[in-house]
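Residue strings, one per chain:
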Amino acid sequence: EGGGGALLPDSLLYEIFLYLGHADVLAAALVCRQWRAVARDDFLWRELFYRYYRVAREVPRHPAAVSWYDEFQRLYDTIPCVEVQALKEHSDQVLHLSFSHSGCLFASCSKDCTVKIWSNELDISLQHSSNMRPYNWSYTQFSQFNSDDSLLLVSGVFVGPHNSSSGEIAVISMENFTLLSRVRNKPYDVFGCWLNETNLISGNLHRIGRITSCSVLWLNNAFQGIESENVNVVKRLFKIQNLNASTIRTVMVADCSRYDSPDLLLDYEEQLAASSTSTCPVFDLGSDSEEGEAKPKQTAEPAGQESPDDGDVAAEDGLQQFFDDIMEGRVRAAMTESELETKVAELFIRNRTKPPEPNLLPTDSSSKIKYLIFTTGCLTYSPHQIGIKRILPHQMTTAGPVLGEERRSDEFFDSLDHVIDIHGHIIGMGLSPDHRYLYVNSRAWPRDCVISDPMQPPPIAEEIDLHVFDLKTMKEVKRALRAHRAYTPNEECFFIFLDVSRDFVASGAEDRHGYIWDRHYNICLAKLQHDNVVNSVAFSPVEQELLLTASDDATIKVWRSPRVVRIQQAGRPRPRKLLFSWLLNQRS
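Worth saying up front: this structure is predicted, and the values here are computed from it rather than measured.

K.L.:
Got a minute to help me understand helix 5 (residues 68–77) in this structure?
P.N.:
In an α-helix, one full turn covers 3.6 residues, which means residues spaced three or four apart are oriented alike. For helix 5, the tally of buried residues reaches eight of ten residues, placing the bulk of the element in the interior. Restricting attention to buried positions, one finds in helix 5 the residues Trp68, Tyr69, Glu71, Phe72, Gln73, Arg74, Leu75 and Asp77.

This is how it looks when you write it as structure tokens:
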């Protein structure tokens, strides 16, 4: 009856009431003139909500909700699960999607070696397509708009043998779609990312041994044509040692300026205490090794001996003792060449790594501090750890020496500020819009697996776990989300991109579906079907009821919520019956 907002459909209400065994009550209520009053009973909707969505009763209502009825309607009516358009302009697998910050444009990358830029209107249309084959690219794999949407970063893979790891990053102007610059990127699955409006981060890899290497992360000016004696176009940002065939991949930048005022707090106790003040995150800058953390500090030290020198002397003594053991035959015979290389590299790192920075966070504001986040490892080549390194304000420009700050001879490498161990193969990462939470797709290793050969990682599960980490506390929050699956083995495993909006998180999967979960209730809300692997998903940054999915079926699908679809259909003019009848008569 009347206005006051649309009620949920009767068919859904009937299904809900079956959970409570109230089919007869519903049948009577549907013909009751006072049904609206019954339907707004908040106690009734709370019971329906917990049972229908199978949410644990200790989970509180969403902090922004005013009633359980509104919550039920939000989860039913605002999920982008209705397919409204299929874009088929790509001729091969679509690998990645990214929106501009304004939401007016989005870009798609594909195995057809093009990056396409689309206009996000009511009916989405293709605005521009750039073919990257003339630059010796095999395919485009990733894109990202800069903060003011004036530039587009596009990451691609070079043509080469199957085991080649070389790639390149291109910068395209959004004003006239011209190519402004190109930067080498190795390995290609570093992808690359923007640090600020005009500077982007790329990678390079230097082999030191068979399973030991060094990753160098470079800061590049998007406008490589700059000619100035004061400003470089490139500067070394960090130089990090890799062990056991691991490398740095999948770089992204998190801005901690909004950590104290996030869009949505995922910790229920913290939600209750949201009014209390808190400080910007401070990393644990202790020992880089598990052994160092496990050993208690020495209580007695010789007089006049400083503790920083103790570590240097111990590392040097350990290195010397290790080589003495080799020369005199005291090293166990079972040590392989790879184990020997790793042992030497570990001892070298301990004595040639720049210590973590002291706490340099400003006391009044953390708005200028950013974190570089990337996948890495220490046991095998498959990415199984997340490394975090602080980027300080003076490091956010290419001004200064090309090789970065001057280093002492014993500061050959940079250390990490924090490491998160996933115990599985990481296949996707994404930040919440406020950059407070990091979502990670991973495929778990067996619980008690032992890695004896870094070139043979453990088997990985078909189930994908979606972990959530609070970057303010560096702790995992909530239980891992599950529903999506992947089947590719370790050596062929590829990235499954995910995306996070204010209230939802979405991910692709190899089971031919995209998935949407509610961030607060930790429940799966929708499965979005394709004809092949879903590689990437992307929410509109200004309208979370719009979602894009990209698949190996060479299709981009556009999904909107039932609410938006209903509004759009109501706004479209209907053909007048008299005119329609007149046209029929003219035909006859």
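That shown, we press on.
K.L.:
Can you walk me through unusual backbone geometry in this structure?
P.N.:
A negative phi angle is the norm for most residues apart from glycine, just as the trans form is the norm for most peptide bonds. Omega for the bond connecting Lys186 with Pro187 falls within 30 degrees of zero, at -5°, which places this linkage in the cis form. Within the fold, Pro187 resides in the loop between strand 9 (179–185) and strand 10 (193–194). Of note, the phi angle at Arg54 is positive, near 55°, even though the residue is not glycine. For Lys478, which is not a glycine, the phi torsion comes out positive at approximately 60°. The class for Lys478 is partly exposed, based on a relative accessible area of 22%.

K.L.:
Explanation requested: the pattern of salt bridges in the structure shown.
P.N.:
Pairing between side chains of opposite charge can happen when their charged atoms approach one another. In this structure the tally under the stated criterion is 18 salt bridges. Note that Glu47 is salt-bridged to Arg46, the shortest N-O span being 3.6 Å. Note on Glu47: relative accessible area 14%, which makes it buried. Each member of the salt-bridge network shares a partner with another, and the members are Arg46, Glu47 and Arg57.

K.L.:
When you look at the pairing of strand 21 (residues 437–444) in this model, what are you seeing that I'm missing?
P.N.:
In terms of residue burial, strand 21 counts as a mostly covered element, since seven of its eight residues are buried. In this structure, strand 20 (residues 424–431) lies alongside strand 21, joined through seven bridges in antiparallel fashion. Pairing of Leu431 across the sheet is with Leu438, part of strand 21. The loop that links strand 20 with its antiparallel partner strand 21 comprises five residues; one of these, His435, has a positive phi angle of about 65°. Inspection of the sheet shows strand 21 paired to strand 22 (residues 465–470) by six bridges, in the antiparallel sense. The partner of Leu438 across the bridge, within strand 22, is Phe469.

K.L.:
Would you take a moment to explain the sheet that holds strand 3 (residues 105–110) for this structure?
P.N.:
Sheet strands pair via backbone hydrogen bonds, and the direction of the pair is either parallel or antiparallel. The sheet built from four strands is open, its strands ordered 2-3-4-5 with antiparallel pairing. Because the sheet does not close on itself, it has two edges, and the strands there are strand 2 (94–99) and strand 5 (125–131). Neighbour to neighbour, the strand axes of the sheet diverge by 20° on average, direction disregarded. Relative to strand 3, strand 2 is paired through five bridges, and the arrangement is antiparallel. Counted as the bridge partner of Leu97 is Ser108 from strand 3.

Conventions used here
Residue numbers here run from 1 along each chain, matching the order of that chain's written sequence. Residues qualify for local features only when their pLDDT is at least 70, as the model is predicted, and side-chain atom pairs are given and counted only at 80 or more; totals for whole chains, interfaces and linings, by contrast, use all residues. Side-chain measures here rest on the full set of heavy atoms in the structure, leaving out hydrogens and waters. For every residue, the accessible area (1.4 Å probe, protein chains only) is compared with the maximum for its type, and the residue is labelled buried under 20%, exposed over 50%, or partly exposed between those bounds. Strands here mean DSSP runs of E at least two residues long; helices mean DSSP runs of H or I at least four residues long; both are numbered from the N terminus. For this document, the term salt bridge refers to a Lys or Arg side-chain nitrogen within 4 Å of an Asp or Glu carboxyl oxygen. Note on pairing: DSSP must find at least two bridges between two strands before they are called paired. Only the stretch in contact is used when a helix axis is fitted, and all axes are lines through C-alpha atoms; the angle between N-to-C directions ranges over 0 to 180 degrees.

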